[in-house]
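# Topology and contacts: notes
This is what each chain is made of:
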Amino acid sequence: MPPFPIDRKLVVGISSNALFDLTDEDELFKSEGIEAYRIHQIENRNLALPIGPAFPFIKRFLRINEVYSDQKPVEVVLISRNSPETGIRIFNSIEEQGLDITRATFTSGDSPYEYLPSFNVSLFLSTNSEDVKKAIKTGYAAGQILQTQVVDEEQDTALRVAFDFDSVIADDESEKVYKDKGIEAYHAYEVENVDTPHTPGPLAKFFRQLAYFQRMETKRKEEDPSYEKILETAIVTARNAPSHQRAIHTLEHWKVTVDKMFFMGGIEKKRVLEVFKPHLFVDDQESHLDESMENIALVHIPFGVANQSTDSV
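Anyway, here's the lowdown on the structure attached to this text. All values derive from a computational prediction rather than experimental measurement.

Moving on, we get to the overall build of the protein. Along its length, the protein carries 11 helices and 10 strands. Taking 313 residues into account, the globule formula puts the C-alpha radius of gyration at 20 Å, and the protein, at 20 Å, falls close to it. Each principal axis of the C-alpha atoms in the protein carries an extent, and together these give about 60 × 50 × 35 Å. Looking at the 313 residues of the protein, the share that counts as buried comes to 52%. Summing over all exposed atoms, the protein offers an accessible surface of approximately 14600 Å²; the carbon and sulfur share of this is 47%. Of note, the protein has its 34 positive side-chain charges centred 4 Å away from the centre of its 52 negative side-chain charges.

Following this line, the structure appears as structure tokens:
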């Protein structure tokens, strides 16, 4: 079977600052300007950059192509505000780390979000909040990855991804009810609409595509019991009974499955995330993105009513 064309692949777009740690370079840019930054990057083009918060996720995501080497069903595209000449150091660092990333966009300071459809990007990860907000407002799936410290634990080769439900996988319909009318009205609304699936949220497509690879892995496991699965997914939501049923029914309607589902009911999500240890956790509420958690790349989705107020389900 030949490799998938770009329009059939699951594509993640990644910014330079999400993939590598450019903290010192950013400080130089802020203090001394673009020319000093340009000279620094050119002079250090052969000096590899330290890894950034999304690196462990990207490395393991690309491993899917190693297992499914004929189809090569996933791809990562560098989406960068760097200029082509300052971006050479980024590509040299990619090569040094052995990452199979060959496509890139360098926009020389302009916001790159408009080019996401050109590369069939299903999820754009960036540390730049304005780029992410513009992408979300335009209808593209994007998240701001926080600058947390991560370590690439090489002995851990699995890929674990955790999602919030409302305003991430699903839309913010139910959160609006909670915001306007309170928790009792929210539960009553969910019970009343239990058989009505939610409208997809900003990361629904990405979530469904991951579920497709899980089905591929399940089939391979059936054919070869010794095969060890790569991908594990989880939903970690503030919902609890009785609102849990509509979330489950929505996934059933979409014909997708998830490995683990946690209905926290107001308990800190950190309690299960530190056990599950995802390489990526996405949530629409910054209050749930506890930066004290170690080795978890935290991604904020600036979508829905929760981002108009800090008070949400």
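Read on for the rest.
We now examine the packing of helix α7 (residues 173-181) against helix α8 (residues 183-192). Contact pair α7 / α8: the axes reach a minimum separation of 7 Å and the direction vectors enclose 145 degrees. The handedness of the crossing between α7 and α8 comes out as right-handed. In contact with E173, S174, V177, Y178 and K181 of α7, α8 contributes I183, A185, Y186, Y189 and E190.

Quick look at the sheet that holds strand β2 (residues 74-80) now. Pairing is mixed in the open sheet, where 10 strands are placed in the order β3-β2-β1-β4-β5-β10-β9-β6-β7-β8. The sheet terminates laterally at β3 (103-106) and β8 (260-263), the two strands that pair on one side only. Sheet twist, expressed as the mean angle between neighbouring strand axes with direction ignored, is 25 degrees. Judged from the 3 bridges that link them, strand β9 (residues 280-283) and strand β10 (residues 298-300) form a sheet pairing that is parallel. Paired with V282 across the two strands is V299, which belongs to β10. Relative to strand β5 (residues 142-145), helix α6 (residues 129-138) is tilted by about 165 degrees, and along the sheet it contacts β4 (121-126) and β5.

A separate point is unusual backbone geometry. Excluding glycine, most residues fall at negative phi; most peptide bonds, likewise, are trans. In the segment running from A241 into P242, the intervening peptide bond is cis, with an omega of 10 degrees. Take P242: it is sitting in the loop between β7 (231-237) and α10 (244-254). Located in the positive-phi region is N120, a residue other than glycine, with phi close to 55 degrees. With respect to the helices, strands and loops of the structure, N120 is situated in the loop between β3 and β4.

So, about the packing of aromatic side chains. Considering all chains together, one arrives at 8 aromatic pairs under this definition. Aromatic pair Y178 and Y186: ring centres 6.3 Å apart, planes at 85 degrees, arrangement edge-to-face. A relative accessible area of 1% places Y186 in the buried class. Over the ring of W254 we find R208; its NZ or CZ atom is 4.6 Å from the centre of that ring. The side chain of R220 reaches across the aromatic face of Y68, ending 5.5 Å from its centre.

About the cut-offs
Residues numbered from 1 in each chain as written. Predicted model: local features only at pLDDT ≥ 70, side-chain atom pairs only at ≥ 80, totals over all residues. Heavy atoms only, no water. Helix = DSSP H or I, 4+ residues; strand = E, 2+ residues; numbered from the N terminus. Rg over C-alpha atoms; globule rule 2.2 N^0.38 Å. Buried < 20%, exposed > 50% of the residue type's maximum accessible area, 1.4 Å probe, protein only. Areas by Shrake-Rupley, 256 points an atom, 1.4 Å probe, with all protein chains shown as cover. Lys, Arg positive; Asp, Glu negative; His and termini not counted. Charge placed at Lys NZ, Arg CZ, Asp CG, Glu CD. Axes fitted to C-alpha atoms, helices over the stretch in contact; angles between N-to-C directions. Left-handed = near helix turned anticlockwise from the far one by under 90°. Contact = heavy atoms within 4.5 Å. Pairing = 2+ DSSP bridges. Phe/Tyr/Trp six-rings, centres within 6.5 Å; stacked < 30°, edge-to-face > 60°. Lys NZ or Arg CZ within 6 Å of the ring centre and 35° of its normal.

On their own, these measurements won't tell you what the molecule is for.
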